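Here is how the chains run, residue by residue.
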Amino acid sequence: MSDLTPSTTTVSAQSPTGFLRKDLVQRYSTLVVLVLMFAVFTVTVDKFMTPQNLLNIAQQISMLTIVGAGLTFGFAAKEMDLSVGFSVGLAGVLVPLMLVAGVSLPLALLGGLAAGLAIGAVNAALVTLVGIPSLIATLATGSILFGINFLMTGGRAIYGGLPDTYLWLGQGRVAGIPVLAFFMLAAVAIAWFVMERTIFGRYIYAVGGNQKAAELSGVKVRRYKAAALVVCAVFAVMAGTLLAARLGSGQPNAGERYLLDGLATVFIGMTMLRPGTATVLGTFFGALFIGVINNGLNLMGMDTYIQSIVKGVIILVAVAVVSRSTKLNLL
Amino acid sequence: MEIVLSDITMQFPGTLALDGVTAGFRTDEVHGLIGENGAGKSTLVNILGGSLQPSAGTVQIDGRAVRLASPHDALLQGIAHVSQEGSLVPGLNGAENILLGAEPRVAGAMIRTGALKAEAEALVAKWFPQVRIDLARPVSELPMADRKVIEIVRALRGAARIVILDEPTATLPAREKEQLWGIIRQLPKQGVGVVLISHFLSEIKALSDRITVLRDGRHIRTDPSASMSEHDMVDMMLRRSGGANLRGAAGAAQSTEVVLDVAGWSVGAIEVPQFRLHAGEIVGLIGLTGAGHFGFARSLHNPVGGRCRAMSVAGKPVRPGSVSQMQKAGIALVPDHRMEYALIGEWSVRENLAMVHPSFAGIGGGVLSMQREEAEAQRVMRLLNVKAHSSGQLLKTLSGGNKQKISIGKWLYGAEGRYRVMIFIEPTEGVDIGAKAEIYAEMRRLAASGVGIIIASSDLLEIESVAHRVIPFANQRPGPEIAQSGFSESAFIAAISGVAA
């Protein structure tokens, strides 16, 4: 299952057939584009290739990567979670609210996590027990989460009185490296390990790869679909918790962009490594892709609206590439 | 008018679906088209209906060569195709369905509802004056036979001269069938020929003027239905005598240990009062499509929705519930349509092999050791002589035979000896002859190691060469068992067509 193990790469390298060479091109073309983008920005934008800016990029994409890593579990099981953006937003106000109300930091963090588990459990129950397609169920729960968020905050930001330790999670640095980057790397490492090196991950992929075959191999399909949705929600609330720490306040609207960007990271990731399949490393590179574009265009002084257009085009290209090689069945 | 398909060959990647078939269809006949699944019936009618273009061969209408490049093309030539699944829009009413896409309009956009209803009623009255259907009701509320009639009327609304009816009665309750039969018989009298596909041979026999038999993509015979008995039909559909003989020493090393015992088994319409399987024996299940042998075999591994009075596996009583329960009890299934039911094309060979028992390579906490997984995958690949350049090769790039070996290997990976009952359904579909022999050898090896094997197959030669005894199925019920001494293709054919040999 790992993409970068020697066995798979040597297979492709040894193989004389055109099929596998085409396969090789397909696997790594997005990475090549990413490298080219780095090169172009390095040449054209003054402050792009500086250690400081690279660390900035890492910080900027860390929450997105965490959301994307969660979504990867969902996609691997062929379930979509459209509520992640609102889960990010909810956690991003819930944790600050608790802290402002005097709840201790560990308890507040646990509270956020519990909210994630609850959201995931509701999504999972709607999909696997009630039988609503995940695309629709999570669209509805997302709307509910948004409503709860604004009921709690009245749409106003929550700031002042947030403990320094909490703010350090989002803003601090260790040896010059943002703490957020460590969280991102930990999330990627854990998600990668679970997906590629455990029975749990293998079954998630089996359920998404061929549900009928998984069922007839004795895999409890509903259980793994449910688990994938819970992971989506839990990663999203972790991202939301960190997001508020980074912003230094709980912003009710801050989570929204994480849905579209999160989906984009997964789609871009699906064009590489194992084309058509969501992988954790692919998603990580997908987040890097988006981060580099945002950052580069920013430094070039481009409007955020232009960034939005560029991002939309990139998502379309990525999905076009994926659906040309495999059937995209997401519903 | 006569349409003649000459020397039609259809090559799909990996399979030759039609091999030089010639057949003619006329407007003054009901022409029955029969053959087992995979014989090429659907491919042939899809070519006739314009949905498929043949790799080679010609189509002529009254001696003039035509090209049927699309269903629309075929329709212009007077050929309409009423598919098996039904193509009505459930929410629309009968009239709207009959005139779908050809509605009378005002200003090119708005439908004239009154005219629509009148026009549809006129069409029904023209073709089937005796039929009464409420065309104002949504078709989803109509009886199945009425829905078929609506589909047929829609097919006839243009200038159809030949109508292809693919399994028109498959979804119909018995009393509605007769109504449709009347309609089918009537069509040739009105100058519209029928090409009829049906699994019900009695129906084919009763309705057809001529019958064409296909087998393995070849044309076997076309003759007036009066000169063909049902037994003849089954014989032609199934007999493969003269093919490669893969018979090995089917050693009758059976023990008296019962590895599977079920009583009062019922799933869907299938009823099996009693079934016993011994360690070391290979039992063949045969029957025509829909006879229940495949359904029974599948349900032993996936009993969801079935009932039984008693079941035991290797002497232990089991309450059939879920697939995982049956697996735990020791029942494995190597299904047909392996890419759909058994394997994941985008996965490597190694991951596919580890699909059932990934925990074999577990090192605690659900964590996998890649070394152990690789070693076990290599062992199974060697055991089954899988030809792949490494265990990392993507499954979808393997040949049919090697894929099938992986489908079997899933049950051997980390589980040698765990399964006492192994069920094989069409184990050599799309498998070349060399791999076929290897798969039979593996089945024999497993049997010799004490596994009881059930093989359900439509390839009677295959059954003859690997089974120790055979249970023929007809009408969802098992018939009297055939012992090895009584094996012959004729005996099998007689048993499944319900005629004494």
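The structure under discussion appears in the preceding block.
Everything numeric here is computed off the predicted structure, so don't read it as measured data.

Calculation rules
Residues numbered from 1 in each chain as written. Chains lettered and ligands numbered in written order. Predicted model: local features only at pLDDT ≥ 70, side-chain atom pairs only at ≥ 80, totals over all residues. Heavy atoms only, no water. Helix = DSSP H or I, 4+ residues; strand = E, 2+ residues; numbered from the N terminus. Rg over C-alpha atoms; globule rule 2.2 N^0.38 Å. Contact = heavy atoms within 4.5 Å. Areas by Shrake-Rupley, 256 points an atom, 1.4 Å probe, with all protein chains shown as cover. Lys, Arg positive; Asp, Glu negative; His and termini not counted. Charge placed at Lys NZ, Arg CZ, Asp CG, Glu CD. Buried area = accessible area lost by both parts, 1.4 Å probe. Salt bridge = Lys/Arg side-chain N within 4 Å of Asp/Glu carboxyl O. Polar contact = N/O pair within 3.5 Å; in protein donor to acceptor, adjacent residues only side chain to side chain. Nonpolar A, V, L, I, M, F, W, Y, C, P; charged D, E, K, R; others polar. Pairing = 2+ DSSP bridges. Axes fitted to C-alpha atoms, helices over the stretch in contact; angles between N-to-C directions. Buried < 20%, exposed > 50% of the residue type's maximum accessible area, 1.4 Å probe, protein only.

Below, the discussion takes up the overall build of chain B. Check the secondary structure of chain B and you find 17 helices and 23 strands. The globule rule puts the C-alpha radius of gyration for 501 residues at 23 Å, and the 26 Å found for chain B is close to it. C-alpha extents for chain B along the principal axes are approximately 75 × 55 × 50 Å. Contacts spanning at least 24 positions in sequence make up 68% of the contacts within chain B whose residues lie at least 6 apart. With an accessible surface of roughly 19,900 Å², chain B has 53% of that area assigned to carbon and sulfur atoms. Each charge sign in chain B was given a centre, from 51 positive and 50 negative side chains, and these centres are 3 Å apart.

Turning next to the interface of chain A and chain B. Contacts between the two partners involve 25 residues from chain A, matched on the other side by 33 residues from chain B. The contact between chain A and chain B buries some 2,500 Å² in all, and 61% of this surface belongs to carbon and sulfur atoms. Counting every contact that joins chain A to chain B gives one salt bridge. B:Glu373 serves as the salt-bridge partner of A:Arg202, at 2.9 Å between the closest nitrogen and oxygen. Linking chain A with chain B are nine residue pairs in polar contact (both at pLDDT 80 or more), by the criterion used here. With six residues, helix α9 (residues 199–209) of chain A is the largest single contributor of residues to the side of chain A that touches chain B. By residue class, the composition of the side of chain A that touches chain B is twelve nonpolar, seven polar and six charged.

Okay, the sheet that holds strand β14 (residues 270–278) of chain B next. Each strand in a sheet pairs with another by means of backbone hydrogen bonds, the pair being arranged parallel or else antiparallel. Residue and element names in this part refer to chain B. In spatial order, the strands read β14-β13-β16-β17; together these four strands make up an open sheet with antiparallel pairing. The open sheet has two edge strands with one neighbour each: β14 and β17 (316–317). With two bridges joining them, strand β16 (residues 310–313) and β17 adopt antiparallel strand pairing. Counterpart to Ser-312 in the pairing with β17 is Pro-317. Running at roughly 115 degrees to strand β13 (residues 258–267), helix α9 (residues 293–301) makes contact with β13, β14 and β16 of the sheet.

Counting through the fold element by element, B:His301 comes out in helix α9. Accessibility expressed as a relative area gives 0% for B:His301, which makes it buried. Only 3.2 Å separates the side chain of B:His301 from the side chain of B:Gln327, close enough to count as a polar contact. Apart from residues lying up to four places away in sequence, B:His301 is in contact with A:Leu216, B:Ser322, B:Val323, B:Met326, B:Gln327, B:Ile331, B:Ala332, B:Leu333, B:Trp411 and B:Ile423.

Before going further, it helps to spend a moment on helix α14 (residues 400–409) of chain B. All names here are of chain B. Summarising burial for α14: nine of the ten residues are buried, a large majority. Here α14 has its buried residues at Gly-401, Asn-402, Lys-403, Gln-404, Lys-405, Ile-406, Ser-407, Ile-408 and Gly-409. Residues of α14 that are buried sit in contact with β18 (331–334), α11 (338–341), α12 (349–353), α13 (370–383), β19 (421–425) and α15 (433–448).

Three or four residues apart is the spacing at which side chains of an α-helix point the same way, because the helix has 3.6 residues per turn. What helix α8 (residues 230–238) of chain B keeps buried is the set B:Met233, B:Val234, B:Asp235, B:Met236, B:Met237 and B:Leu238. Buried residues along α8(B) sit against β3 (30–34), α7 (201–207), β11 (210–215), β12 (218–224), α16 (460–466) and α17 (489–496) of chain B.

Interpretation in functional terms is not warranted from these geometric data alone.
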